[in-house]
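Fold and contact review
This is what each chain is made of:
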Amino acid sequence: MKIGILGKGNVGGALGEAWTRAGHQVTLAGRSNLAEAARAGEVVVCALPWPATKDALTSLDLKGKILIDATNPMLPDLSGLELGTTTSGGEKVAEWAKGARVVKAFNSTGANNMAAPEYDGMKVSMLYCGDDAEAKRVAAKLIADVGFEPHDAGPLSNSRSLEQLAMLWVWMAFHGTGREFAFQVVKRP
């Protein structure tokens, strides 16, 4: 699959490496070649810093594309979220990327877990949500291709919860737990 990644930072880089190893064709874009990555990808991943997201997405033609939103609307000092109870970053991304089929994923853990999504042989859970069933199916496959265990978390409005979960992960990572942990969904047989 052809995947365009908007953002060359820790998240974009880790996902790009994982998908390349899985046999996908990846175009990784910085600020100067976002349009190239958007055109090249059957699937486009937004892994930009939140403050750059609106301008980038409104400048691109993503109509009909599957857009995986890995952003979080965090405040600059990481003390909280700009949005969260009546809308979410995922819903704003869908608003800005007119006509894109948005799936929220890869936002609730650190890039270290994207580079190594297993603990003692157990795949880490990756929650995702969206309103387009086919886009969610494709996202689930790409989540599995990175090495995570995909878990459907419902409609795109549930981005509000996934972004809060991300904030919890960040708080824990910076206040004693460190970055080498992940949240896990467990089920009884």
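Our subject is the structure that appears above.
Right, let's walk through the structure included here. Fair warning: this is a prediction, and the values are worked out from it, not measured in the lab. Sequence order as written defines residue numbering, which begins from 1 separately in each chain. Only residues with pLDDT of at least 70 are given local features in this predicted model, and only at 80 or more are side-chain atom pairs given and counted; all residues enter the totals for whole chains, interfaces and linings. Only hydrogens and water are removed before side-chain values are computed, so all heavy atoms of the structure are retained for them.

1. Focus: the packing of helix 1 (residues 10-21) against helix 6 (residues 133-146)
Geometry of a packed helix pair, given as the angle between the helix axes and the separation of the axes. Heads up, the condition is: As a rule, the C-alpha atoms of each element are fitted with a line to give its axis, helices using only the stretch in contact, and angles between N-to-C directions run from 0 to 180 degrees. Elements are defined by DSSP. Helices are runs of H or I of four residues or more, strands are runs of E of two residues or more, and each kind is numbered from the N terminus. Note on terminology: angles under 35 degrees are roughly parallel, angles over 145 are roughly antiparallel, angles of 65 to 115 are roughly perpendicular, and the others are oblique. Whether two residues are in contact is decided by their heavy atoms, any of which lying within 4.5 Å being enough. In the scheme used here, Gly and all other residues not listed as nonpolar or charged are polar, with Ala, Val, Leu, Ile, Met, Phe, Trp, Tyr, Cys and Pro taken as nonpolar and Asp, Glu, Lys and Arg as charged.
Contact geometry of helix 1 with helix 6 gives a least axis separation of 8 Å together with a crossing angle of 90°. The angle between helix 1 and helix 6 places the two elements in the roughly perpendicular class. Contacts between helix 1 and helix 6 involve Leu15, Ala18 and Trp19 from the former and Leu142, Asp145 and Val146 from the latter. Among the residues forming the contact of helix 1 with helix 6, the class breakdown is 5 nonpolar, no polar and 1 charged.

2. Details of the nonpolar core
Test applied: Put simply, buried Ala, Val, Leu, Ile, Met, Phe, Trp, Tyr and Cys residues joined by side-chain atoms within 4.5 Å make one nonpolar core. Each residue is placed in one exposure class: buried if its accessible area under a 1.4 Å probe, protein chains only, is under 20% of its type's maximum, exposed if it is over 50%, and partly exposed if it falls in between.
In this structure, Leu15, Trp19, Ile68, Phe106 and Phe148 are the most contacted members of the largest nonpolar core, which totals 28 residues. Counting 20 residues, the second largest nonpolar core, distinct from the first, contains Leu6, Ala56, Leu57 and Leu60.

3. With respect to the pairing of strand 3 (residues 43-46)
To be explicit about the condition: Pairs of strands are assigned from DSSP output, requiring at least two bridges between the strands.
Burial of strand 3 is two-sided: the residues Val43 and Val45 facing one way and the residues Val44 and Cys46 facing the other way are all buried. Sheet analysis places strand 1 (residues 2-6) next to strand 3, joined by 4 bridges and oriented parallel. Paired with Leu6 across the two strands is Cys46, which belongs to strand 3. Note: strand 3 against strand 4 (residues 66-69), 4 bridges, orientation parallel. Across the sheet, the residue bridging to Val45 is Ile68, located in strand 4.

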